[in-house]
Amino acid sequence: YDPIPGFTKLCQRLQYEAGQVVLTASAAADLPIFEPIAKALKLPLIRPELPPQQAVDLLGHASAYIGGRWHSSIFAATGGTPVLTIAAHTFKVDALNEQLELHHSPFNPFNLEQDVDTILRQLNTYLANPELRVEIRNRARKLGRQSWENVRFVRDMVRERSRQAA
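All of these numbers come straight from a predicted model, not from anything done at the bench.

Scoring rules and cut-offs
Residues numbered from 1 in each chain as written. Predicted model: local features only at pLDDT ≥ 70, side-chain atom pairs only at ≥ 80, totals over all residues. Heavy atoms only, no water. Helix = DSSP H or I, 4+ residues; strand = E, 2+ residues; numbered from the N terminus. Expected span 1.5 Å × (residues − 1). Buried < 20%, exposed > 50% of the residue type's maximum accessible area, 1.4 Å probe, protein only. Contact = heavy atoms within 4.5 Å. 1 Å grid on protein atoms, 1.4 Å probe; cavity = no way out; pocket = protein on both sides within 12 Å on 5 of 7 lines; lining within 4 Å. Points joined across faces, edges and corners; volume = space filled by probe spheres on them. Nonpolar A, V, L, I, M, F, W, Y, C, P; charged D, E, K, R; others polar. Core = buried A, V, L, I, M, F, W, Y, C linked by side-chain atoms within 4.5 Å. Salt bridge = Lys/Arg side-chain N within 4 Å of Asp/Glu carboxyl O.

Peer 1: Any chance you could break down helix H1 (residues 4-17) for me, citing the residues and the numbers?
Peer 2: If you check H1, its first and last C-alpha atoms are 20 Å apart, about what 14 residues at 1.5 Å a residue would give, namely 20 Å. Along H1, the residues that are buried comprise Gly6, Phe7, Thr8, Leu10, Cys11 and Leu14. Buried positions along H1 lie against strand S1 (23-24), helix H2 (31-41), strand S3 (65-67) and helix H6 (112-127). In the segment just after H1, Gly19 is the residue with positive phi, at about 110 degrees.

Shown next as structure tokens:
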């Protein structure tokens, strides 16, 4: 399977109908896919070595994020950016959609060429709802607080067990 034609078609339609497109290669494995597309379409490419805080700033201020990477989706959501996920064959993107209350199923990466119209319709639905950004940002903040509570719980449990063992 060659994912480049599907992503290229999606990027071309996004350029035509939505405006600026920035590609993200969140891992080295993404580069062989996105470097040729970036070159062919003259698109900027965020590379894996970009410091995480800069990625958060860029994705959190984007109009939308379309992709299959979990961390990039989280980075986008922290700023309220609507996320359209592409299935990564893990439960993580499904769970993120559910937690952010984004009502779409992840798109199949093997059907991108056929799904371009559906993706654009979903994107336009998200972009037509200006309150959605605030809702996503608030949900992401709540999830972030819950994550820190989980970290605190585990840290306290480890400290208690260490104290008991001493």
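There's more to say after this.
Peer 1: Any details on unusual backbone geometry? Residues and values, ideally.
Peer 2: Backbone geometry places Lys42, a non-glycine residue, at a positive phi of 55 degrees. Relative to the assigned elements, Lys42 resides in the loop between H2 and strand S2 (45-46). The exposure class of Lys42 is exposed, given its relative accessible area of 74%. The backbone of Glu101 shows a phi angle near 60 degrees, a positive value even though the residue is not glycine. Mapped onto the secondary structure, Glu101 falls in the loop between helix H5 (91-100) and H6.

Peer 1: Tell me what's going on with the layout of surface pockets, and back it up with residues and numbers.
Peer 2: Computed from the structure, the largest pocket encloses a volume of approximately 890 Å³. If you trace the largest pocket, you find 36 residues lining it, with Val22, Thr24, Tyr65, Ile66 and Gly67 closest to the centre. No other element matches the four residues that H1 contributes to the lining of the largest pocket. For the lining of the largest pocket, the class distribution of residues is 26 nonpolar, eight polar and two charged. By volume, the second largest pocket amounts to about 450 Å³. Of all elements in the fold, only helix H4 (70-78), H5 and helix H7 (131-165) reach the threshold of two or more residues within the lining of the second largest pocket. Its residues placed into classes, the lining of the second largest pocket shows 10 nonpolar, six polar and two charged.

Peer 1: Describe the nonpolar core, naming the residues involved and giving the relevant values.
Peer 2: Counting 31 residues, the largest nonpolar core has Cys11, Leu23, Ile37 and Leu102 as the members making the most contacts within it. Contributions of two or more residues to this core are made by H1, H2, H4, strand S4 (83-85), H5, H6 and H7. Per-element tally for this core: the top contributor is H6, with six residues. Ignoring sequence-local partners within four residues, the contact set of Leu23 consists of Cys11, Phe34, Ile37, Ala38, Leu43, Pro44, Leu45 and Ile46.

Peer 1: Account for the environment of Lys92, with residues named and values stated.
Peer 2: Mapped onto the fold, Lys92 is located in helix H5. Between the C-alpha atoms of Lys92 and Leu50, which are 42 residues apart in sequence, the distance is 23 Å.

Peer 1: Quick one: what's the story with the pattern of salt bridges, residue by residue and with numbers?
Peer 2: Scanning the entire structure with this criterion turns up nine salt bridges. The shortest N-O distance in the salt bridge between Glu135 and Arg139 comes to 3.4 Å. In this pair, Glu135 and Arg139 are both assigned in helix H7, four residues apart and thus about one turn of the helix distant. Looking at Glu135, the relative accessible area reads 32%, which means it is partly exposed. The residue Arg163 makes a salt bridge to Glu160 at a minimum N-O spacing of 2.4 Å.

Worth remembering: the numbers are spatial, not functional.
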